[in-house]
Amino acid sequence: MAAMLEFRTQGFNPYAVKYSPYYDSRIAVASSANFGIVGNGRVFALGLTAQGVQVEKTFDTNDALYDLAWSEINENQLVVACGDGSLKLFDLGVDGFPVMNFHEHKRETFSVCWNPVTKDTFLSSSWDGTVKLWSPTRSHSIKTLPIGNCTYSTSFCPANPALISAVSSDSHLRIFDLRTPSSAKYHLTVNIPVHAPPTHPNAALGPPSQPAEVLTHDWNKYRDTVIATGGVDRVLRTFDIRNPGGGPVSIMQGHEYAVRRLAWSPHASDTLISASYDMTVRLWNDGSAQAQNPAMAPGIGTQMGIMNRHTEFVTGVDWCLFGMGGWVASVGWDERVLLWDANMLMGPRMP
């Protein structure tokens, strides 16, 4: 594999990495001392320079950090998810302390996502079984969506700011539509049991699978009704929310331990990347370019490559929005941030 850039988060174990939506040369890493079990957190803002990866800024917190998201309205701000249930908004131009603090969750805040469409709100999910919608200008949440189970990941639809998704420990993918009245199931419109077989009678049943915690999910950036999920059972699945009873559209198998995080490519509609507790990052093609019969069993995606330079659990992965398309950042509990070109994992693409 070609050369990769590396940075060491000395004394802190990373949980998440995100490229800036403004600059191809800036990334942020949320990390925790002692693997997030006890101790402080630290967020690193890193710059990619001709001399390698350099620290632009660090902020320390009293509790572990589990996720982060860059602001979509201010290129110098980012929000982090903390183990004490709070969210903190930091500004790279302000030393030391957060410019805003949001604290309503009763347990660890595990996921945060900024609205990429309206850009004026962000989401958080928590082990307390709720998803909360926030404005960066007010310390109290705008809305609380009950999940009822430990909620590991939440996200906005990249094409519709009214659609919110969440995955949780009860093996379900939920979609909320804020345009519906809150009296109707708290905006809940779709509830997909991730491990259930298709419900329509003509479907070919795939292999039976037991419910397992869903740890991560992401919306496809080109097909705005398609979501990929991953979790404890090591399998990546894609779903079309227009057909919630149809079961998975495609299945991708290969990881040896739980899938901790996945991300669709911003450059190709059929490509995604996943990070796992098996210490690998894997690149996949979901097979959507091939004609599939929806009445048949799910399509089988293809593993296009594997990156195994990490020596501990890989907890975070993200794509760079800019350039030729293919640069990826990954972080793991080995205290390392690796930046590399996913194109090096692929053979030549078919025209």
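Draft legend 1. Inspection of the sheet that holds strand β2 (residues 13-19) at higher detail. Taking strand neighbours across the sheet as the criterion, the four strands line up as β2-β3-β4-β5 in an open arrangement whose pairing is antiparallel. If you trace the sheet from one side to the other, it starts and ends with β2 and β5 (52-61), each paired once. Taken over all neighbouring pairs, the strand axes of this sheet differ in orientation by 25 degrees on average, direction set aside. Here nine bridges tie strand β4 (residues 41-49) to β5, and the two strands are oriented antiparallel to one another. Bridging across to β5, Leu46 finds its partner in Val55.

Draft legend 2. Spatial organisation of the sheet that holds strand β20 (residues 236-240). Spatial strand order, β18-β19-β20-β21-β25: five strands in an open sheet with mixed pairing. Taken across any chain shown, the strands that pair with only one partner, and hence form the sheet edges, are β18 (214-219) and β25 (299-300). The sheet contact formed by strand β21 (residues 250-252) and β25 spans two bridges and is parallel. Bridge assignment links Ser250 to a residue of β25, and that residue is Gly299.

Draft legend 3. Spatial organisation of the packing of aromatic side chains. For the structure on display, the rule yields 16 aromatic pairs. Between Phe110 and Tyr152 the ring centres are 5.8 Å apart and the planes differ by 70 degrees, which places this aromatic pair in the edge-to-face class. Note that Phe110 is positioned in strand β10 (residues 109-114) and Tyr152 in strand β14 (residues 151-156), a separation of 42 residues in sequence. When its relative accessible area of 13% is taken as the criterion, Tyr152 is described as buried.

Draft legend 4. Spatial organisation of the nonpolar core. Core analysis: the biggest nonpolar cluster contains 16 residues, and Ile273, Val281, Leu283, Met307, Trp319, Val328 and Trp340 have the highest contact counts within it. Residue assignment for this core shows that the elements contributing at least two residues are β23 (271-276), β24 (281-285), β27 (314-319) and β29 (336-341). When residues in this core are grouped by element, the largest group, three residues, is from β27. Ignoring sequence-local partners within four residues, the contact set of Val328 consists of Tyr19, Ile273, Val317, Asp318, Trp319, Leu338, Leu339, Trp340 and Ala342. Core analysis: the next-biggest nonpolar cluster, separate from the first, contains 15 residues, Phe12, Val29, Phe44 and Leu46 among them.

Definitions and limits used
- Residues numbered from 1 in each chain as written.
- Predicted model: local features only at pLDDT ≥ 70, side-chain atom pairs only at ≥ 80, totals over all residues.
- Heavy atoms only, no water.
- Pairing = 2+ DSSP bridges.
- Helix = DSSP H or I, 4+ residues; strand = E, 2+ residues; numbered from the N terminus.
- Axes fitted to C-alpha atoms, helices over the stretch in contact; angles between N-to-C directions.
- Phe/Tyr/Trp six-rings, centres within 6.5 Å; stacked < 30°, edge-to-face > 60°.
- Buried < 20%, exposed > 50% of the residue type's maximum accessible area, 1.4 Å probe, protein only.
- Core = buried A, V, L, I, M, F, W, Y, C linked by side-chain atoms within 4.5 Å.
- Contact = heavy atoms within 4.5 Å.

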